[in-house]
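So you can see what is in the structure, the chains are spelled out below.
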Amino acid sequence: MPSDATDPVRDAGRTALLDTQLDAGRPVREAAAFRIGSVTVDPPILQAPMAGFTNYAFRRIVRQFGGVGLQATEMVNARRFAWRDARAAEHPDRLWGVRDEPRPLAVQIWDNDADIMARVARRLVDEYQISVVDINFGCPVRKVTEKARSGSYLLRFPDRIGRIVERVVHACDPVPVTAKIRLGCTRDTINACEVARVIEQSGAAALTVHGRTAEDFFRGKADWHQIARIKDHLQKIPLIGNGDLDSAESAVGAYRQCAVDGIMIGRAALGRPWIFRQVAAGLRGDPVPPDPSLEDQRALLLEHHRHAIDRFGPTRATFLMRKYACSYAQGIRGARLFRTHAAQVTTPDGFVAVVDAYFPRDGSAPSVRPDLHTT
Ligand SMILES: Cc1cc2nc3c(=O)[nH]c(=O)nc-3n(C[C@H](O)[C@H](O)[C@H](O)COP(=O)(O)O)c2cc1C
């Protein structure tokens, strides 16, 4: 175990860690690209997989701004993939765009059957030519843990995690396989250091840790102290830290003060897909570019909507966009009312009308219209 006396994070203090101010021009710890097997992650900033959100449309928008070294899909259930495949049914929607988009790209899979996972991972490698296969051992959602005994449920069985990783690594060789975990199942049973060692010994090429337990779900704060401790338990594979990074300041602070090789950002990117560009600038020690103007954000939201329509058709795409619109609205005048209206739209025209009413085209103030027609 690492000695507490030498722990850099404890000395900085948890609050201080995420409140660290940028010291433009004087990076304390120089940001460096790192490798996941043969894949170079440059800059060392990753987009988190998020079910229901990180589809092709979202990844395209993120890529436009740059600053992200590796993007990930939503998690794909290996068993369901295999089931569809056996019936010659279409592959899951979650693989939309994967064949054609720029690399590097990671596809995340989940399940608890090593053989099925290995078979599906190999299919993804051969048929979709993905750069990285990521395995989910962190999902705390009941449907995944209690019903399917997968995701974070497996954290209590490091040996089973080891067998899964080993089989998938063997099947995918030479394409790298990574794993994403939480700190443990509960605060009383934190075992991320042990799980990390098993994952490395089983041949994984990198490990991502979300600094909460499954029991925490999304409550409280991500514990970067615990994330930093894991580094001492890994011999050679990179460690990617994840949790609550929502600005260039917090991301640069975490990168500098913890021994992580990479940082992963999830929720903050949903309404601010440009955050990666800002973090990348901060890591380089350059001035952080400002948020796009509200006019540009409006155009982006509508572009995102159009990408979604191309795939899902007008109605489903509009329902999907309700979720993003609420994230985009953070900080705009009349955001609460905007969210109320956006959450009710059912047609593309209704969506455009709501966006037009709240995001000014010409820098003028949004027109807050409680009477807005929302369908
Ligand atoms: C809506 C939502 C969906 C998520 N789906 C996944 C997923 O499919 N796979 C995964 O490993 N983590 C998933 N996560 C967890 C995120 O990848 C990330 O670990 C977590 O949100 C913490 O990072 P953040 O504070 O930067 O958001 C999801 C999180 C959210 C909010």
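Just above sits the structure.
Parameters at a glance
- Residues numbered from 1 in each chain as written.
- Predicted model: local features only at pLDDT ≥ 70, side-chain atom pairs only at ≥ 80, totals over all residues.
- Helix = DSSP H or I, 4+ residues; strand = E, 2+ residues; numbered from the N terminus.
- Buried ≥ 20, exposed ≤ 12 C-beta atoms within 10 Å, placed from the backbone.
- Contact = placed C-beta atoms within 7 Å.
- Pairing = 2+ DSSP bridges.
- Axes fitted to C-alpha atoms, helices over the stretch in contact; angles between N-to-C directions.
- Core = buried A, V, L, I, M, F, W, Y, C linked by C-beta atoms within 7 Å.
- Domains from an automatic or database assignment.
- Near = placed C-beta within 6 Å.
- Nonpolar A, V, L, I, M, F, W, Y, C, P; charged D, E, K, R; others polar.
- Expected span 1.5 Å × (residues − 1).
- Right-handed = clockwise from strand over helix to strand, strands pointing away.
- Parallel < 35°, antiparallel > 145°, perpendicular 65-115°, else oblique.
- Left-handed = near helix turned anticlockwise from the far one by under 90°.

**A closer look at the overall build of the protein chain**
Step number 1: Broken down by element type, the protein chain carries 15 helices and 10 strands.
Step number 2: Evaluated residue by residue, the protein chain yields a buried proportion of 49% over its 375 residues.
Step number 3: Taking the contacts inside the protein chain whose residues are at least 6 apart along the sequence as the reference set, 69% of them involve residues at least 24 apart.

**Examining the sheet that holds strand β4 (residues 71-77)**
Step number 1: Taken in spatial order, the 8 strands line up as β3-β10-β9-β8-β7-β6-β5-β4 in an open sheet, and their pairing is parallel. Of all strands in the sheet, those with a lone pairing partner are β3 (45-47) and β4, marking the two edges. For this sheet, the mean inter-axis angle between neighbouring strands, taken without regard to orientation, is 25°.
Step number 2: When strand β6 (residues 132-137) meets strand β7 (residues 177-182), the two strands line up parallel, connected through 5 bridges. Within the sheet, the bridge partner assigned to Ile-135 lies in β7 and is Ala-179.
Step number 3: The strands touched by helix α12 (residues 275-284) are β3 and β10 (262-265); relative to β3, the strand with the most contacts, the crossing angle is about 170°.

**A word on the nonpolar core**
Step number 1: Ranked by size, the top nonpolar core spans 112 residues in total, and within it Ile-109, Ala-121, Val-133, Val-168, Leu-207 and Ile-265 carry the most contacts.
Step number 2: Examining the composition of this core, we find that 9 residues originate from one element, helix α13 (residues 294-328), more than from any other.
Step number 3: Counting residues domain by domain, this core receives three or more from each of domain 1 (4-284) and domain 2 (294-358).
Step number 4: Not counting residues up to four positions away in its chain, the partners in contact with Leu-207 are Thr-178, Ala-179, Ile-181, Ala-196, Ile-199, Leu-234, Ile-237, Leu-239 and Ile-240.

**Thoughts on the site of the ligand**
Step number 1: Near the ligand lie 22 residues; those nearest to it are Ala-48, Ala-51, Met-75, Gly-266 and Arg-267.
Step number 2: Here the shell around the ligand is built from residues that sort into 10 nonpolar, 8 polar and 4 charged.

**Thoughts on the environment of Gly-313**
Step number 1: Tracing the chain through its elements places Gly-313 in helix α13.
Step number 2: Note on Gly-313: 11 C-beta atoms within 10 Å, which makes it exposed.
Step number 3: Sequence-wise, Gly-313 and Pro-348 are 35 residues apart; in three dimensions their C-alpha atoms are separated by 9.7 Å.

**Some points on helix α8 (residues 192-201)**
Step number 1: Those residues of α8 lying buried are Ala-192, Val-195, Ala-196, Val-198, Ile-199 and Glu-200.
Step number 2: Immediately beyond the C-terminal end of α8, within one or two residues, lies Gly-203, with a positive phi of roughly 105°.

**As for helix α5 (residues 114-128)**
Step number 1: Between its first and last C-alpha atoms α5 spans 20 Å; for 15 residues at 1.5 Å apiece the expected length is 21 Å, and the two agree.
Step number 2: Turning to α5, its buried residues number three or more, namely Ala-114, Met-117, Ala-118, Val-120, Ala-121, Leu-124 and Val-125.
Step number 3: Considering only its buried residues, α5 is in contact with α4 (78-86), β5 (105-110), β6 and α7 (158-172).
Step number 4: Directly after α5, the chain includes Gln-129, whose backbone phi takes a positive value near 50°.

**Structural notes on unusual backbone geometry**
Step number 1: With an omega dihedral of 0°, the bond running from Asp-42 to Pro-43 counts as a cis peptide bond.
Step number 2: Within the fold, Pro-43 resides in the loop between β2 (39-41) and β3.
Step number 3: Following Asp-173, the chain continues into Pro-174 via a peptide bond in cis, with omega recorded as 10°.
Step number 4: Within the element layout of this structure, Pro-174 appears in the loop between α7 and β7.
Step number 5: For Ala-88, which is not a glycine, the phi torsion comes out positive at approximately 55°.
Step number 6: Among the secondary structure elements, Ala-88 is positioned in the loop between α4 and β5.
Step number 7: The backbone of Arg-149 shows a phi angle near 45°, a positive value even though the residue is not glycine.
Step number 8: Along the chain, the position of Arg-149 falls in the loop between α6 (142-147) and α7.

**Points about the pairing of β10**
Side-chain direction in a regular strand flips from residue to residue, so the side chains alternate between the two faces of the sheet.
Step number 1: Here β10 shows a buried face lined by Gly-262 and Met-264 and a second buried face lined by Ile-263 and Ile-265.
Step number 2: Sheet analysis places β3 next to β10, joined by 3 bridges and oriented parallel. Across the sheet, residue Ile-45 finds its bridge partner in β10, namely Ile-263.
Step number 3: Pairing geometry for strand β9 (residues 239-242) and β10, over 3 bridges, is parallel. In the strand pairing of β10, Asn-242 is matched with Met-264.
Step number 4: In this view, the connection linking β9 to its parallel neighbour β10 by way of helix α10 (residues 248-257) has right-handed handedness.

**Comments concerning the packing of α4 against α5**
Step number 1: Following both chains from N to C, one finds α4 and α5 inclined at 65°, their axes separated by 9 Å at the closest point. Regarding the angle of α4 to α5, the classification is roughly perpendicular. The way α4 lies across α5 gives a crossing that is left-handed. Of the residues in α5, those in contact with Ala-78, Arg-79, Phe-81 and Ala-82 of α4 are Ile-116, Met-117, Arg-119 and Val-120.
Step number 2: Per-class residue counts for the contact of α4 with α5 are 6 nonpolar, no polar and 2 charged.

**Quick notes on the packing of α13 against helix α15 (residues 348-358)**
Between two packed helices, what matters for the description is the angle formed by their axes and the separation of those axes.
Step number 1: One can describe the packing of α13 onto α15 by two numbers: an axis separation of 10 Å at closest approach and a directional angle of 155°. Put simply, α13 runs roughly antiparallel to α15. You can see that α13 and α15 cross each other, and the crossing is right-handed. Of the residues in α15, those touching α13 at Arg-298, Leu-301, Leu-302, His-305, Ile-309, Pro-314, Thr-318 and Met-321 are Pro-348, Phe-351, Val-352 and Val-355.
Step number 2: Class assignment for the residues of the contact of α13 with α15 results in 9 nonpolar, 2 polar and 1 charged.

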